[in-house]
Amino acid sequence: VQLVESGGGLVQAGGALRLSCAASGSTFSINAMGWYRQAPGKQRELVAAISSGGGSTNYADSVKGRFTISRDNAKNTMYLQMNSLKPEDTAVYYCKADWYGSSWRTAWGQGTQVTVSS
C-alpha cells in the first residue's frame, strides 16, 4: 500500500483547507486510517482516525469541532476537512493506513505542509 497526501498550503488563521490521502496498491486490504501531524521540535501526534467503513471516528481534543475526517473507499481516498484553522495547527500532516499483507502492516504517506499565519 502506498499513500500520497495533497492539499496542504499556507492559509490565514480562521481559514480552511482540505487534505486528501490517495491510496494505491493492495487497497482492498486497508483497515483503519488516520491523520497525524508533526510540528517542528515536537513528536508526531494523532489528529483523527477513521474505521474501515467510516462509521467510527475519533479526534484529538485540540481539533474536535473544527476538523472532520472522512473516507471514500470507492475512490481509495481519505480526507481531512480543517476549518477555523489556528497558528498552532501548523505542522506537516501525514496519513497512515493499517493494512493486512501476510501480517498487519502500517503505511505512511510522505507528508504535506500546512502553515497557518496569524
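Structure report, in brief. (Residues numbered from 1 in each chain as written. Predicted model: local features only at pLDDT ≥ 70, side-chain atom pairs only at ≥ 80, totals over all residues. Heavy atoms only, no water.)

**Comments concerning the pairing of strand β11 (residues 112-117)**
No. 1: A one-sided burial pattern is seen for β11, the buried positions being Thr112, Val114 and Val116 and the unburied ones Gln113, Thr115 and Ser117.
No. 2: Note that strand β2 (residues 9-12) and β11 share four bridges and pair parallel. Its bridge partner being in β11, valine 11 is matched across the sheet by valine 116.
No. 3: As defined by bridge partners, strand β9 (residues 91-100) adjoins β11 across three bridges and the pair is classed as antiparallel. Note on β11: the bridge partner recorded for tyrosine 93 is threonine 112. (Buried < 20%, exposed > 50% of the residue type's maximum accessible area, 1.4 Å probe, protein only. Helix = DSSP H or I, 4+ residues; strand = E, 2+ residues; numbered from the N terminus. Pairing = 2+ DSSP bridges.)

**What to know about the nonpolar core**
No. 1: In terms of nonpolar packing, the biggest core is built from 29 residues, with Leu3, Trp35, Leu80, Met82 and Tyr93 touching the most fellow members.
No. 2: Contributing elements (two or more residues each) for this core: β3 (17-24), β4 (30-38), β5 (45-50), β7 (67-72), β8 (77-82), β9 and β11.
No. 3: Looking at this core element by element, the count peaks at five residues for β9. (Core = buried A, V, L, I, M, F, W, Y, C linked by side-chain atoms within 4.5 Å.)

**Points about the sheet that holds β3**
No. 1: Read from one edge of the open sheet, four strands run β1-β3-β8-β7, paired in antiparallel fashion. Single-partner strands in this sheet number two, and they are β1 (2-6) and β7. Here the average twist between neighbouring strands, direction ignored, is 15°.
No. 2: Two elements, β3 and β8, share six bridges in a ladder whose sense is antiparallel. Residue pairing in the sheet places leucine 17 in a bridge with methionine 82 of β8. (Axes fitted to C-alpha atoms, helices over the stretch in contact; angles between N-to-C directions.)

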